[in-house]
Structure formats: structure tokens, C-alpha cells
Amino acid sequence: MLRSNESRAEKVFRGTFVHSTQNEAVQILEDTVLGVDKEGKISFLGRADEVKQLSQTWEFQLSDIRQLKQGEFFMPGMVDTHIHAPQYSYAGTALDLPLLQWLNKYTFPVEKQYRNAKFAEDTYTKVVKRTLKNGTTTACYFATIHTDTSLLLGEIADRFGQRALVGKVCMDRNEAVIDYKESTKESVEETKRFIYELLKRKYPQVKPIITPRFAPSCSEELLHSLGQIAKSNDLHIQSHISENREEVALVKNMFPACSSYTDVYREYNLLTSKTVMAHGCHLTDKELEMFKTSGAAISHCPNSNISLCSGMLDVRRVLKHNVKLGLGTDVAGGYSPSMLDAIRRALDTSKALKIQNPGYETVSYKEFFRLSTLGGSQALSLDDTIGNFEVGKDFDAVLISPSVPDSPFDVFESDTTENILEKFLNLGDDRNIVEVYVAGNRVVPFEKSA
Ligand SMILES: O=c1[nH]c(=O)c2nc[nH]c2[nH]1
Ligand SMILES: [Zn+2]
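All figures in this text were calculated on a predicted structure; none of them were measured in a lab. (Residues numbered from 1 in each chain as written. Chains lettered and ligands numbered in written order. Predicted model: local features only at pLDDT ≥ 70, side-chain atom pairs only at ≥ 80, totals over all residues. Heavy atoms only, no water.)

Q: Can you break down the pairing of strand 18 (residues 441-444) residue by residue, with the values?
A: The side chains of a regular strand alternate between the sheet's two faces. Sheet topology places strand 17 (residues 433-438) next to strand 18; 3 bridges connect them, and they run antiparallel. By the bridge assignment, Y437 is partnered in strand 18 with R442. In sequence, strand 17 turns back onto strand 18 through a hairpin of 2 residues, with A439 there showing a positive phi of about 50°. (Pairing = 2+ DSSP bridges. Helix = DSSP H or I, 4+ residues; strand = E, 2+ residues; numbered from the N terminus.)

Written out as C-alpha cells, the structure reads:
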């Protein structure tokens, strides 16, 4: 039996728990009892035959135990390491152009509208609810350049109980849509205000993240200031890197003194152990080594990579370099807000790489399950708090039922828990996600008033 220091369990569940550890991509714990303390942390994880002793140690009544139904299981909440909240308004459309043209034609004109609080409230409420319903307990969000509505995104994530890193986007360069950018001074000052205001609100699960959009949108002066702000406040950092070849060439041109795209971020103190960079499809071995050395992470966004014809990240190669890696939906370059879709598209990409090179070692569904949960927590440097059912971590979890009346897949007598997990990951959807917990609080189903 494993235990933490808290002495009372407020919630106790008995049934099947599926999660990942460093050594096991999928660990299945059948007939297990898990307790959650009043702070929302996992206080114990034990075998059901120890339940009497557990009830004495953790001061709960056997009648208080919530017994899961046959076939149901808990898995850790999924961690979306890269999603653009404002782009949710056009998710599922506008996927006919490559990255730089796509930004100019679709993204900047839409993001510009987030000065309007009403529009922001509507989209941000929808994206937070949609992702939570789909089992995203933690989201690493890009907002827009507008400080007040970026704060509103934090407020809405808090209102619905989602764990989130929220970034006010910084960009002082934009030749295509000239009224969607800030002056350098404004970007720096507004970033400071955003951090100050968000931290002041003391939301328990919502934190700010420094967000230079990507190197081509930022002057050297801005990158330098953002690196300093991150360093002096010990903040998370997010951006984009090496998504498509045209962008890599553009950065080479714009920053001739730097030896690579990664070197640009390193130069300005933006490559740290609390950095997550989206895409990384075209990174060299040397750049991956820089990620490894700095402790920076990559967010693999396979739907977006294919939808915008950007490239195919070789996940096996990233893992061999021991670089921290999570999965991201990258809404709306990626058309789906669901992390189950990210797992499926990641599997497709891995198999497409094998079609190109039959000797390639594909990444298994179990490894992608780990990347969508524990891997994501590591990529966001939150693995001391979330990612699996280790005692002492917060209880961020989703309850899966394979037998809801309208389930999109069928279960047969011969199916094991492992089969059911694989079916859920490949065929399941939010109908199977019957409850969602963040830090021990049940956040799905939503309150009636929400
Ligand atoms: O997929 C992407 N979405 C974006 O909004 C973006 N901005 C810079 N680079 C980007 N890539
Ligand atoms: Zn992105």
C-alpha cells in the first residue's frame, strides 16, 4: 500500500484504473481502491483485499466507497500541450493553405476580433467546455494579443474547473494584417500586466505562460524582453518551432546570426526546462540535442501537421533523443479539439513514416496513451502534480464507460480491459467519457446552470 501524509480520504473509488508509469506505457490496476483527500490529491492506492485496513487508516466508511460498474475504468485526464482557444471559432474549416498563407488569410483576421469581449466570452466558453467534455483536464492555451480577453480565458477555465496555462500572445511584427500586432513596448508592458493580473486572481489551477507567437512575429528586442520576464518570474514559455520548411527558411533569413531556429530561442533565454515548443517537424539532430540539454519540450500536433501539409514529426527519433514530448490538438490548424483525435493522428503519422521506410519502428498506441497523459504532464513540467495515479498527485481523471447506450463501439465477452482501452482510444468519443475530475473536483457533467 502506498500512502501520503493526509489522514482522511474524502472520496474513495473501487474498480479498474489504467495509467502510465515511466517503465510501463499502460499499467492496468484491476480491483483497486483509490482515495482522494480534501485537497484533491490521491491519498492512497491499494488492492481491494486491503480495503478494511485502508478504511481504518484513511477514516472512511466502507459504505462511502463508489464502486465502478462492470467495464468502467478511470484513466488520467488528458493533457493538451498546444491549443489556440480563439481559433476554435473556425475549427473544421480553412485547411486549404500552408502555414504562412493560412496565418495571413484566416488566423490573423479572426484573432484580431478578440478585442471584443462578447465574441471572446462566447468562443472561450465553448472551447473550454468542449475540451473538458472530451477529457482534456489540462490545456496549454494560446489566446490573442489582447490582454483583457486573455484574462477572460483564464477566468472561464477557472469557472469550469479546467487546469490551464494561458498565454497572452506577443507579436510586434505582422506585415500581412498590420492592425493585428503591438508595438514592442506595448507587448512587453501588456505581458507584465497580464501576468500580474492573472496571478493576483489566485485561480488554483490556472497559470500564465509567456507566449511569443513564433520567431518571425517577434523583434529581437521583444524576444529578449520576454526571455527576461520569464526568467525573473520563473514562468512557463510556449511558442512554435520548425513547423514547415518555408518558415524554417524565413527564420534563417531573419536571424542570420543564429545557427538554427532552436538557437534563436536559446539566444533569448526562451529555451528552458519550462518551455514547450509546438511542432518541431524539421529539427536537426543538433537542435534535438539542444532541447535535451535545456530540458525544453516538444508538443506533437499531428492533425495540424497533416492538415496544413507542414511535415511529419518522427516521434521515435524525438524519444531516442530523450526530449520531453506531449501531444497537442493545435486547434485550429488541427481541426479536432479532442485529444483522442491527436492520439489517432499521431498513430497515422507514425505508420505513414513506416510506409516510407519499412524498417521504421512505429510508435504504439500504448506509447501514445502515455504521451497524451504522463508525457503531456512532463512536457508542461507539471509531472510533480499530474499525469498518472501516483500517490500525492492531484486526482485529474476521466471515467470511461464502454457500455453507455449510444457508445460508438461494441464490447464482446472475450474483450479484456486492455482491448477495451484500445477500442476506446481508436473508436471512442465523449459519449464514453461519463465523468471528468480536476484536482478531485468533478467538472463533467457540467453544473445545470453552466
Ligand atoms: O499552427 C500554427 N498556428 C498558429 O497560430 C501559428 N502561429 C505561428 N505559427 C503557428 N502555427
Ligand atoms: Zn499552434
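Q: Mind laying out the coordination of the zinc ion (ligand 2), listing which residues take part and the relevant values?
A: Bound to the zinc ion (ligand 2) on the protein side are H82 (NE2), H84 (NE2), H240 (NE2) and D330 (OD), at distances that span 2.0 to 2.4 Å. Considering all 4 donor atoms around the zinc ion (ligand 2), angles at the metal cover 89 to 170° and the coordination shape is irregular. Sequence positions of the donors to the zinc ion (ligand 2) reduce to the motif H-x1-H-x155-H-x89-D. Of the two residues, H82 is situated in strand 7 (residues 78-84) and H240 in strand 12 (residues 236-241); the sequence distance between them amounts to 158 residues. (Donors = N, O, S within 2.8 Å, 3.2 Å for Na, K, Ca; no water. Tetrahedral: all angles 85-135°; square planar, octahedral: opposite > 155°, others 65-115°.)

Q: Can you lay out unusual backbone geometry for me, pointing to particular residues and giving the numbers?
A: Across the junction of V331 and A332, the peptide omega takes the value 10°, indicating a cis bond. Relative to the helices and strands, A332 resides in the loop between strand 15 (324-327) and helix 12 (339-356). P445 follows V444 through a cis peptide bond whose omega is 0°. Residues other than glycine seldom take positive phi values, yet K202 does so here, at roughly 50°. Relative accessible area serves as the criterion here: at 68%, K202 is assigned to the exposed category. With phi around 50°, D330 is a residue other than glycine that occupies positive phi space. Following the sequence through the fold, D330 ends up in the loop between strand 15 and helix 12. (Buried < 20%, exposed > 50% of the residue type's maximum accessible area, 1.4 Å probe, protein only.)

Q: Describe the packing of helix 5 (residues 184-200) against helix 6 (residues 220-233), listing the residues and the values that go with them.
A: Orientation of helix 5 relative to helix 6, taken along the N-to-C sense of each, is 20°, at an axis distance of 9 Å. One finds that helix 5 runs roughly parallel with respect to helix 6. Our pair here, helix 5 against helix 6, has a crossing hand that is right-handed. Across the interface between the two elements, T184, S187, V188, T191, K192 and I195 of helix 5 pack against E221, L222, S225, L226 and I229 of helix 6. Along the lines of polarity and charge, the residues of the contact of helix 5 with helix 6 split into 5 nonpolar, 4 polar and 2 charged. (Axes fitted to C-alpha atoms, helices over the stretch in contact; angles between N-to-C directions. Parallel < 35°, antiparallel > 145°, perpendicular 65-115°, else oblique. Left-handed = near helix turned anticlockwise from the far one by under 90°. Contact = heavy atoms within 4.5 Å. Nonpolar A, V, L, I, M, F, W, Y, C, P; charged D, E, K, R; others polar.)

Q: With reference to specific residues and values, describe the state of the cysteines.
A: According to the stated counting rule, one finds 0 disulfides in the structure shown. Lacking any disulfide linkage, C140 is separated from the closest cysteine sulfur, that of C301, by 10 Å. Lacking any disulfide linkage, C301 is separated from the closest cysteine sulfur, that of C281, by 8.4 Å. Take C301: its relative accessible area is 0%, and that puts it in the buried class. (Disulfide = S-S within 2.5 Å.)

Q: So what about the nonpolar core? Which residues, and what values?
A: Of all hydrophobic cores here, the largest spans 108 residues; its most connected members are Y141, F291, I298 and F368. The element contributing the most residues to this core is helix 2 (residues 99-111), with 7 residues. Here this core spans two domains, since at least three of its residues come from each of domain 1 (9-76 + 391-444) and domain 2 (78-380). In terms of nonpolar packing, the next biggest core, distinct from the first, is built from 13 residues, F17, L34, L45 and F395 among them. (Core = buried A, V, L, I, M, F, W, Y, C linked by side-chain atoms within 4.5 Å. Domains from an automatic or database assignment.)

Q: Help me get a handle on the packing of aromatic side chains, residues and values and all.
A: For any two aromatic rings, the description comes down to two numbers: the centre-to-centre distance and the angle of the planes. According to the stated counting rule, one finds 17 aromatic pairs in the structure shown. Their ring planes at 10° and their centres at 5.7 Å tell us that F44 and F60 sit as a pair that is stacked. Taken as a pair, F44 in strand 4 (residues 42-47) and F60 in the loop between helix 1 (51-57) and strand 5 (66-67) lie far apart in primary sequence, 16 residues in all. Among the residues examined, F44 registers a relative accessible area of 0% and is labelled buried. Ring centres of F160 and F446 lie 6.0 Å apart, and the angle between their planes is 80°; this geometry places the pair in the edge-to-face category. Of the two residues, F160 is situated in helix 4 (residues 147-160) and F446 in the segment after strand 18; the sequence distance between them amounts to 286 residues. F160 gets classed as buried once you look at its relative accessible area, which sits at 11%. Among the aromatic residues, those joined into a cluster by ring pairs are F13, F17, F74, F389, F395 and Y437. In this arrangement the basic side chain of K129 is found over the ring face of F446, its NZ or CZ atom lying 5.0 Å from the centre. (Phe/Tyr/Trp six-rings, centres within 6.5 Å; stacked < 30°, edge-to-face > 60°. Lys NZ or Arg CZ within 6 Å of the ring centre and 35° of its normal.)

Q: Would you mind going over the pattern of salt bridges in detail, with residue names and values included?
A: Following the criterion strictly, the structure yields 30 salt bridges and no others. The salt bridge partner of K133 is D430, with a shortest N-O separation of 3.4 Å. Here D430 lies in the loop between helix 14 (417-427) and strand 17 and K133 lies in helix 3 (residues 117-133), a separation of 297 residues in the sequence. One salt bridge connects D263 with R266, and the closest N-O pair in it is separated by 2.7 Å. Pair noted here: D263 and R266 are both in helix 8 (residues 261-267), with a separation of 3 residues, about one helical turn. Residue classification places D263 among the buried positions, given a relative accessible area of 8%. The class for R266 is partly exposed, based on a relative accessible area of 39%. One connected set of salt bridges, linked through shared partners, spans K41, R163, D394 and D396. (Salt bridge = Lys/Arg side-chain N within 4 Å of Asp/Glu carboxyl O.)

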